[in-house]
Amino acid sequence: MRVVIAEDSAILREGLAQLLSMRGHEVLAAVVDVPALFEAVAVQAPDVAIVDIRLPPSHTDEGLRAAVRLRRECPGVGVLIFSQYVETAFVAELLAGGSEGVGYLLKERVVQLDDFVDALDRVAAGGTALDPQVVTQMFGRSRHREVLAEFTPREREVLALMAQGRSNTAIATAIRVSERAVEKHVTNIFGKFDLPPSDADHRRVLAVIRYLQN
């Protein structure tokens, strides 16, 4: 992968750069603010950008706003939000054009380096990687609460794992049920979201972002 990093913490910024370089990926730039991020993306054309939410000068939501802009202006660049905060204000806008090439991971919940690199790889390849905690909080803000209220706890758990890009086989292993049981839960999710089979749309992706739509 060709990667650009936007992170204001020097230790984390350099640590990520070294980690990815050691794994054989090319870190094109490791920058501290939004202007430097866009300059690096324009010049280097990375596969994916890792972006913290709170960047200079105000350390509020500059990174998330930049991610939304990147999605709009550079659709070929994957965007992985990597933050210690769950900020839901712009997540719906971030996913408005679809969840392909989008990720949102929480720093404190990444306990395995392999999991982080795997998520980054999925995003760079056009996949999705959402932390279950982000999915849970988005459930709380959803305008489809009346639909989500019909979901069983197990269906919510399966949907959270779907949001991480997991296959049915991987989900079955994670929650210790049969693959057939997972298929049944996924079918129920599609039904409750009113997502019929379609050759034009990816129902797993639509299921993850449906509750974010206006």
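Source: prediction; values computed, not measured.

Rules of the game
- Residues numbered from 1 in each chain as written.
- Predicted model: local features only at pLDDT ≥ 70, side-chain atom pairs only at ≥ 80, totals over all residues.
- Heavy atoms only, no water.
- Helix = DSSP H or I, 4+ residues; strand = E, 2+ residues; numbered from the N terminus.
- Buried < 20%, exposed > 50% of the residue type's maximum accessible area, 1.4 Å probe, protein only.
- Polar contact = N/O pair within 3.5 Å; in protein donor to acceptor, adjacent residues only side chain to side chain.
- Expected span 1.5 Å × (residues − 1).
- Phe/Tyr/Trp six-rings, centres within 6.5 Å; stacked < 30°, edge-to-face > 60°.
- Lys NZ or Arg CZ within 6 Å of the ring centre and 35° of its normal.

Residue position: serine 21 is located in helix α1 (residues 10-22). By relative accessible area, serine 21 is classed as partly exposed at 41%. Separated by 20 residues in sequence, serine 21 and methionine 1 place their C-alpha atoms 9.8 Å apart. A distance of 2.8 Å separates a polar atom in the side chain of serine 21 from the backbone oxygen of alanine 17.

Looking at where leucine 113 falls in the secondary structure, it is placed in helix α5 (residues 113-124). Along the primary structure leucine 113 and leucine 19 are separated by 94 residues, whereas in three dimensions their C-alpha atoms are 8.6 Å apart.

Relative to the 18 Å expected for 13 residues at 1.5 Å per residue, α1 spans 18 Å between its end C-alpha atoms, a close match to the ideal helical length. Phi turns positive, to about 90°, at glycine 24, one or two residues after α1.

Attention now goes to the packing of aromatic side chains. Within this structure, the stated rule accounts for two aromatic pairs. Measuring from ring centre to ring centre gives 4.9 Å for phenylalanine 82 and phenylalanine 116, while their planes differ by 50°; the resulting arrangement is tilted. Separated by 34 residues along the polypeptide, phenylalanine 82 in strand β4 (residues 78-83) and phenylalanine 116 in helix α5 bring together distant segments of the chain. Just as phenylalanine 82 is buried, phenylalanine 116 falls in that class too. A cation over an aromatic ring shows up here: arginine 69 above the ring of phenylalanine 38, its NZ or CZ 3.8 Å from the ring centre. Above the ring of phenylalanine 151, the side-chain terminus of lysine 192 is found at 5.6 Å from the ring centroid.

Spatial relationships are all this shows, so hold off on functional conclusions.
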